[in-house]
Amino acid sequence: MLDKINESTAFLAPLLGGEPPRVAIILGSGLGAFADDIAGRREIPYAAIPRFPVSTVAGHAGRLVAGEIEGKSVLVMQGRFHFYEGYSMQEVTFPVRVAHALGARTLLVTNAAGGVNPLFRAGDLMVIEDHVNMFPDHPLRGENHDALGPRFPSMEFAYSPRLISLAVAAAERLGIRLHRGVYAGLQGPSFETPAECRWLHAAGADAVGMSTVPEVIVARHAGMECFGVSVIANSAPPLPSPLPSSLSSSPHPVSHEVVLEQSRQASLHLSSLLRHLLRHL
Ligand code: HPA
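Residues numbered from 1 in each chain as written. Predicted model: local features only at pLDDT ≥ 70, side-chain atom pairs only at ≥ 80, totals over all residues. Heavy atoms only, no water.

(A) Structural view of empty space enclosed by the protein. The tally for this structure, following the rule as stated, stands at two cavities of 30 Å³ or more. In this structure, the largest cavity encloses a volume near 60 Å³. Around the largest cavity sit Ala24, Ile25, Ile26, Phe52, Leu64, Leu75, Met77, Pro95, Val96, Val98, Ala99 and Leu107, which together line it. When residues of the lining of the largest cavity are traced back to their parent elements, those giving at least two are strand E1 (23-27), strand E4 (72-78) and helix H2 (89-102). (1 Å grid on protein atoms, 1.4 Å probe; cavity = no way out; pocket = protein on both sides within 12 Å on 5 of 7 lines; lining within 4 Å. Points joined across faces, edges and corners; volume = space filled by probe spheres on them. Helix = DSSP H or I, 4+ residues; strand = E, 2+ residues; numbered from the N terminus.)

(B) How the structure looks around the packing of aromatic side chains. Under the counting rule described, the total for this entry stands at six aromatic pairs. Between Phe52 and Phe94 the ring centres are 5.8 Å apart and the planes differ by 70°, which places this aromatic pair in the edge-to-face class. One end of the pair, Phe52, is in the loop between strand E2 (39-45) and strand E3 (63-69); the other, Phe94, is in helix H2, and 42 residues separate them in sequence. Pair check on accessibility: Phe52 and Phe94 agree, each one buried. Seen in terms of ring centroids, Phe81 and Tyr87 are 5.2 Å apart; in terms of plane orientation they differ by 75°. Their pairing is edge-to-face. In terms of burial, Phe81 and Tyr87 fall into one category: buried. (Phe/Tyr/Trp six-rings, centres within 6.5 Å; stacked < 30°, edge-to-face > 60°. Buried < 20%, exposed > 50% of the residue type's maximum accessible area, 1.4 Å probe, protein only.)

(C) Layout of the packing of helix H1 (residues 2-12) against H2. Look at H1 against H2: their axes get within 9 Å of each other, and the N-to-C directions meet at 60°. On the basis of the axis angle, H1 is oblique to H2. The crossing of H1 and H2 is right-handed. Contacts from Lys4, Ile5, Ser8, Thr9 and Leu12 of H1 reach H2 at Phe94, Arg97, Val98, Ala101 and Leu102. (Axes fitted to C-alpha atoms, helices over the stretch in contact; angles between N-to-C directions. Parallel < 35°, antiparallel > 145°, perpendicular 65-115°, else oblique. Left-handed = near helix turned anticlockwise from the far one by under 90°. Contact = heavy atoms within 4.5 Å.)

(D) Broad picture of the confidence of the model for the protein. Averaged over all residues, the pLDDT of the protein is 90; the fraction at 70 or higher stands at 89%. In the model, residues 242-249 has pLDDT below 50 throughout and makes two contacts with residues more than four positions away in sequence or in other chains. (pLDDT = per-residue confidence, 0-100.)

(E) Focus on the site of the ligand. Residues in contact with the ligand amount to ten residues; listed here are only the nearest, Ala112, Gly114, Phe191, Glu192 and Asn234. At 3.3 Å from a nitrogen atom of the ligand is found a main-chain nitrogen or oxygen belonging to Ala112. One of the side-chain N or O atoms of Asn234 is found 2.7 Å from a nitrogen atom in the ligand. Relative to its unbound accessible surface of 260 Å², the ligand loses 93% to contact with the protein. Elements with a minimum of two residues in the shell around the ligand: strand E5 (106-115) and strand E8 (207-209). At three residues, the largest contribution of residues to the shell around the ligand is made by E5. For the shell around the ligand, a count of residues per class yields six nonpolar, three polar and one charged. (Near = heavy atom within 4 Å. Polar contact = N/O pair within 3.5 Å; in protein donor to acceptor, adjacent residues only side chain to side chain. Areas by Shrake-Rupley, 256 points an atom, 1.4 Å probe, with all protein chains shown as cover. Nonpolar A, V, L, I, M, F, W, Y, C, P; charged D, E, K, R; others polar.)

(F) Quick look at H1. Those residues of H1 that fall on the buried side of the exposure criterion are Ile5, Ser8, Thr9 and Leu12. Projected down its long axis, H1 shows its buried positions confined to an angular sector of 100°, all on one face. Residues of H1 that are exposed and angled more than 90 degrees away from the buried face: Asp3 and Ala10. (Arc of directions from axis to C-beta.)

(G) Expanded view of the pattern of salt bridges. This model, assessed by the stated rule, comprises eleven salt bridges. One salt bridge in this structure joins Glu7 and Arg51, with 3.1 Å as the shortest N-O distance. Of the two residues, Glu7 is situated in helix H1 and Arg51 in the loop between E2 and E3; the sequence distance between them amounts to 44 residues. With a relative accessible area of 37%, Glu7 lands in the partly exposed category. The salt bridge partner of Asp124 is Arg177, with a shortest N-O separation of 3.0 Å. Remark: Arg177 occurs in the loop between helix H3 (161-174) and strand E7 (178-185) and Asp124 occurs in the loop between E5 and strand E6 (125-133); sequence separation between them is 53 residues. Classification of Asp124 as buried rests on a relative accessible area of 9%. (Salt bridge = Lys/Arg side-chain N within 4 Å of Asp/Glu carboxyl O.)

Next up, the structure:
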């Protein structure tokens, strides 16, 4: 593991130019446009990086983009690796390890998620205050490398209260509707049943998705300051139980296309928010 990280890092460091990246940013489904405005951009396809996994899912460009946004040197992951694609948890979180090894000490994560809080609507943004880890494997399972972080890392304040406050203040100033809530991370790839959505909400979750949690766990293990935003791409079916037979199939079933389209629309607000955050980091 350490050798793999060193190999990728040694390949990338000279390509990133003088300054090491301060902030790593992971862009989720349909949110890749944020990387278009990077100054002095250098693009490195994942496929070109030794030891890097290769992205497969539609809507994920699969490259690193390095450069500057709002005067901060950033390393942007355009496309991420999902557990449901078949990657191991070590592969899913590998880019976070490499970003840290390159010098990044802050991680900004975005994702598309389903809203299980009945007040959420498609196109809303939610700043992640905390998560519930429901993945069937853990990225820190197995031998712990003390050089990478402690055996039993705390997950209290996993999402930086400082960055959450900055984002909430920014949203107010920019007139952006921003929820705060708990993100439940599930393995997918099937979307949740209505019963699972009700159960997740009863369990304290506001949004549900198939990413982010492993990345944040590994970033916290490495001591990085983390911040996450979910684009609510679809609201979970708010169906009563038992289900009336007339409603037994939703007129607007969730699909990957709906998720991508909603994320694109919300991505303008998300970009303003991230820019503001970077300016004031
Ligand atoms: N569930 C899980 N992941 C998702 C969803 C959802 O409804 N929407 C976008 N990503």
